[in-house]
Amino acid sequence: MKRFVASALAALMLLTVFASAAMADDNTTSAASTVEIRGPVYNGSSLTDILANTAYGGNGTAITMDANKFAAFYYDIDNNVTTESLTIKNVAGTSGRTIGDNGLVYKTTIGNAEYQYGDWGNYSVIGFFADKYIPLKSNAADKLAKLVLDSDDKYTLKTGDSLDLGDGYSLQAKQVDVDGNKVWLEFDKDGAYVDDEIVSTDSGDHTWTCKVDDVQGEDDVPVLKVHVNQVFQGAVDSIAQIDAIWLIDYANAIKINTDDEFGKLNDVSINGPTITISNDDTFSLTKDSDQEIGQGLYFKVADSNDLRFYAYKQQTTSGTYDVRGTVVSGTQSYTWTSDNFAGFFYDLKKNVGTETLSVSGVNGRTIPKNGLNYSTTVSKVDYNADDVFNGTYPVLGFFAQKYVPLKSTDASKLAKLVLDSDDKYTLKTGETLDLGDGYSLQAKQVDVDGNKVWLELDKDGEYVDDEIVSTDSGDHIWTCEVDDVQGEDNVPVLKVHVNQVFQGAVDSIAQIDAIWLIDYANAIKINTDDEFGKLNDVSINGPTITISNDDTFSLTKDSDQEIGEGMYFKVADSNVLRYYPYVEEAIGNGTATTTLGNTTSIDNTTVTDNMSVTSTPVVNSTEETQDVNASTPTNMETPTTPDTSAAANNTTETQNKSPGFGVIPAVFGLLLVFYIVRKNR
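Residues numbered from 1 in each chain as written. Predicted model: local features only at pLDDT ≥ 70, side-chain atom pairs only at ≥ 80, totals over all residues. Heavy atoms only, no water.

K.L.:
So what exactly am I meant to see when it comes to the sheet that holds strand β8 (residues 104-109) here?
P.N.:
Hydrogen bonds between backbone groups are what pair the strands of a sheet, and the pairing can be parallel or antiparallel. Taken in spatial order, the five strands make up an open sheet running β3-β6-β8-β23-β22, and their pairing is antiparallel. Both outer strands of the open sheet, β3 (62-66) and β22 (267-271), are each paired with one neighbouring strand and no more. Taken over all neighbouring pairs, the strand axes of this sheet differ in orientation by 15 degrees on average, direction set aside. As judged from the five bridges shared by strand β6 (residues 84-89) and β8, these two strands associate in the antiparallel manner. Looking at β8, one finds that Glu84 is bridged to Thr108. (Pairing = 2+ DSSP bridges. Helix = DSSP H or I, 4+ residues; strand = E, 2+ residues; numbered from the N terminus. Axes fitted to C-alpha atoms, helices over the stretch in contact; angles between N-to-C directions.)

K.L.:
Would you mind going over the confidence of the model for the protein chain with me for this structure?
P.N.:
Low pLDDT marks stretches whose predicted atomic positions should not be read closely. For the protein chain, per-residue confidence averages 84 on the pLDDT scale, and 81% of positions sit at 70 or higher. Low confidence marks residues 1-32, where pLDDT is under 50. Its contacts with residues over four positions away, or in another chain, come to 43 contacts. Scored below 50 in pLDDT, residues 590-681 shows 228 contacts in the model against residues more than four places distant or in partner chains. (pLDDT = per-residue confidence, 0-100. Contact = heavy atoms within 4.5 Å.)

K.L.:
Would you mind showing me how to read the pattern of salt bridges here?
P.N.:
Opposite charge on two side chains lets them pair, provided their charged atoms get close. Scanning the entire structure with this criterion turns up 19 salt bridges. For Lys313, the salt bridge is made with Asp131, and the minimal N-O distance between the two is 3.4 Å. Of this pair, Lys313 sits in strand β27 (residues 307-315) while Asp131 sits in strand β11 (residues 131-137), placing them 182 residues apart in sequence. For the pair shown, Lys313 and Asp131 are each scored as buried. The residue Lys428 makes a salt bridge to Asp507 at a minimum N-O spacing of 3.7 Å. (Salt bridge = Lys/Arg side-chain N within 4 Å of Asp/Glu carboxyl O. Buried < 20%, exposed > 50% of the residue type's maximum accessible area, 1.4 Å probe, protein only.)

K.L.:
Before we go on, may I ask you to explain the packing of aromatic side chains in this structure?
P.N.:
The relative placement of two aromatic rings is captured by the distance of their centres and the angle of their planes. Tallied over the entire structure, the rule returns 43 aromatic pairs. Ring centres of Phe344 and Tyr374 lie 6.3 Å apart, and the angle between their planes is 55 degrees; this geometry places the pair in the tilted category. Within this pair, whereas Phe344 is found in the loop between β30 (334-337) and β31 (355-359), its partner Tyr374 is found in strand β33 (residues 372-377), the two being separated by 30 residues in sequence. Look at Tyr374 and you get buried, because its relative accessible area is 0%. Ring pairs connect the aromatic residues Phe70, Phe73, Tyr106, Phe128, Phe129, Tyr133 and Phe262, which therefore count as one cluster. When the ring centre of Tyr169 is taken as origin, the NZ or CZ atom of Lys189, which lies over that ring, is 4.3 Å away. A cation over a ring is seen here: Arg324 above Tyr580, with NZ or CZ 5.4 Å from the ring centre. (Phe/Tyr/Trp six-rings, centres within 6.5 Å; stacked < 30°, edge-to-face > 60°. Lys NZ or Arg CZ within 6 Å of the ring centre and 35° of its normal.)

K.L.:
I tried to follow the environment of Leu157 on my own but got confused; where do I start?
P.N.:
Here Leu157 lies in strand β13 (residues 155-158). Overall, Leu157 belongs to the buried group, its relative accessible area being 0%. Residues Leu157 and Gln241, 84 residues apart in the sequence, show an inter-C-alpha distance of 6.3 Å.

K.L.:
For this particular structure, what's the right way to read the nonpolar core?
P.N.:
A general trend in soluble globular proteins is that nonpolar side chains are found buried together. Judged by nonpolar contacts, the single largest core of 86 residues is most densely connected at Phe128, Phe299, Phe309, Phe398, Met567 and Phe569. Looking at which element gives the most residues to this core, the answer is strand β52 (residues 578-587), with five residues. Among the nonpolar cores identified, the runner-up in size contains 47 residues, and Leu406, Trp478, Val496 and Ala510 belong to it. (Core = buried A, V, L, I, M, F, W, Y, C linked by side-chain atoms within 4.5 Å.)

K.L.:
So what exactly am I meant to see when it comes to the sheet that holds strand β48 (residues 544-548) here?
P.N.:
The strand order across the open sheet built from five strands is β30-β31-β33-β48-β47, with neighbouring strands paired in antiparallel fashion. Looking at the sheet topology across the chains shown, the edges are occupied by β30 and β47 (537-541). Pairwise comparison of adjacent strand axes, ignoring direction, gives a mean angle of 15 degrees for this sheet. Two elements, β47 and β48, share five bridges in a ladder whose sense is antiparallel. Within β48, the position partnered with Asn541 by the bridge is Thr544.

K.L.:
I keep staring at the pairing of strand β25 (residues 289-294) and nothing clicks. Help me out?
P.N.:
Two faces belong to every sheet, and in a regular strand the side chains alternate between them. The element β25 is largely enclosed, with a buried count of five among its six residues. Across five bridges, the pairing between β25 and strand β26 (residues 297-301) is antiparallel. Within β26, the position partnered with Gln291 by the bridge is Phe299. Between β25 and the antiparallel strand that follows it, β26, lie two residues; Gln295 among them carries a positive phi value of about 50 degrees.

K.L.:
How should the pairing of strand β35 (residues 392-398) be read in this particular structure?
P.N.:
Of all the seven residues making up β35, six are buried; the element is thus mostly covered by neighbouring parts of the structure. Sheet topology places strand β34 (residues 379-382) next to β35; four bridges connect them, and they run antiparallel. From the neighbouring strand, Lys380 faces β35, where its bridge partner is Pro394. Of the strand pairs in this sheet, β35 and strand β36 (residues 401-407) are connected by three bridges, and their pairing is antiparallel. Bridging across to β36, Phe398 finds its partner in Gln401. Here β35 folds back onto β36, and the loop between the two strands holds two residues, one of which, Phe399, carries a positive phi near 50 degrees.

If you want it as structure tokens, here you go:
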């Protein structure tokens with residue numbers, strides 16, 4: 001009996017050990033990504049200096065940014081429609097870093113946009129704090145509903161199928177008539193019936209316009225438009241093919257009142273189709289800060305004695321966003337830099353941008369050979385944790401991605417920056433910190449005196465290097481260097497600063513307060529015979545890469561023309577040449593696994609389409625690129641200032657897959673049990 005009890009105890013202890021290890025693997029969290037879409041960069045000794053700078057459009061009295069300059073504002077390139085502007089005025093009290101009362105003015109006016117399905121004509125639209133809204137009345141800007149969908153894609157629905165339109169709205173094909181000419185459609189919100197209609201395809205315009213009453217006090221408000229292309233009654237299936245849908249979020253429509261407050265903008269005036277909002281108190285552009293303008297719109301101010309800042313909108317909704325540069329009309333020569341192209345890498349603190357894109361010699365819609373030039377030059381920026389790492393590191397924007405040159409004087413060998421963080425992370429021994437892109441850091445052991453920690457760097461779960469870091473001497477920093485990175489040796493790939501180590505009665509802990517990491521395993525080498533989309537004439541001169549087009553480049557009407565490496569020109573569907581450069585940045589839909597990262601980088605996350613069929617896959621559906629202004633309904637309450645470290649703080653801390661040092665007491669217990677068994681024989 002004693003032997004049985006002892007054996008049972010031993011088995012129980014083994015199960016406990018492995019159960020603990022298995023449970024540790026599930027201790028995983030993920031964080032949403034964000035996309036920061038910024039406006040032009042302003043730089044000067046004071047606001048007075050900036051307001052007088054003609055390069056910013058200043059004349060001493062005001063500077064204004066509209067959608068042509070500020071990529072977050074709503075813009076319809078085909079019709080050149082922009083409704084929003086943000087102006088800083090030289091009013092009484094404006095000086096230094098302070099904007100005087102009513103010196104910061106946001107203004108938006110109702111415009112017209114074309115439906116994606118052209119036969120429907122135009123509808124009223126208004127940008128409101130960089131989100132796209134539909135006014136409930138075309139001449140009144142005070143009652144608004146967010147646009148959910150404006151699509152001319154095709155969707156095939158069997159009877160009984162439900163099409164998810166987004167934001168809780170859905171469309172159901174109830175029945176198809178026996179002659180195959182009509183379909184009975186039902187419109188639902190959050191699964192509840194809203195309205196239905198029988199749409200005929202053998203007469204009329206095949207369109208159902210659903211109107212709803214009592215939307216912010218308004219009746220007969222068009223909230224949904226559906227165009228049925230054709231209906232089919234088969235021996236097995238009954239099918240309706242829909243080729244256009246337009247929908248507004250009427251259930252969350254908002255009303256703007258003159259006593260509303262939007263962050264620092266609290267003086268509201270509504271004049272028919274126009275809303276004007278200004279600051280009723282002074283507005284300070286405090287050094288090294290994010291200052292809320294209103295409704296998710298902010299100024300980011302540099303940690304610099306010079307006054308340097310830009311406006312930005314922080315997008316958090318899952319989707320793919322076009323981050324664009326200044327709009328160009330006509331055949332003029334033009335140059336984009338990080339000052340006027342939000343997609344290019346930019347360091348506000350050091351005022352560092354490395355990239356330029358220029359066009360010249362445009363004839364009609366054709367850019368001649370070598371008329372399109374992209375250039376980037378190695379520069380240096382501070383570590384985010386400059387108080388512990390000290391100094392700078394080399395950086396290079398390359399097609400709007402942030403890279404680190406393996407050598408500061410050579411732009412041809414690059415590794416993408418994975419992480420540059422000064423946030424704090426606490427690791428127990430045996431825990432693993434996910435750094436992103438397959439890299440992880442593990443706290444192996446803490447010494448008995450609580451002064452040292454043994455750290456290990458892994459890539460895709462495989463050992464790379466380890467180090468014992470002391471906190472009672474030296475700089476507390478482990479700089480991990482790797483050999484044979486694109487032929488280079490002793491390449492610094494990781495820097496870790498250990499703030500303190502703690503050896504407790506229960507837990508052994510290491511606190512890390514700075515990490516810097518490059519993706520050395522996927523480093524690239526650029527050669528002169530490489531081709532990057534339409535840019536195929538490559539020149540490398542030490543720290544500078546210059547690439548131009550060896551063939552003519554056509555700015556075809558109503559097209560997206562690849563420049564190179566994920567950078568495009570969007571060209572208007574207009575007889576007037578109008579275009580801008582852009583890059584796409586994606587926010588995951590909750591399935592992202594990379595939880596630490598630089599705030600300017602976006603995880604390579606697959607973004608699912610907004611629309612899906614509940615029971616049958618959508619046929620002939622194409623995934624839409626989300627408008628830069630498409631997001632969740634605006635909260636009319638004042639939003640909190642975004643914490644740029646939040647994404648990094650929501651760290652995926654997974655327990656090590658091995659039992660770790662939890663094995664030691666378990667093994668000791670097993671030995672004790674077997675000793676008791678042996679003694680009692």
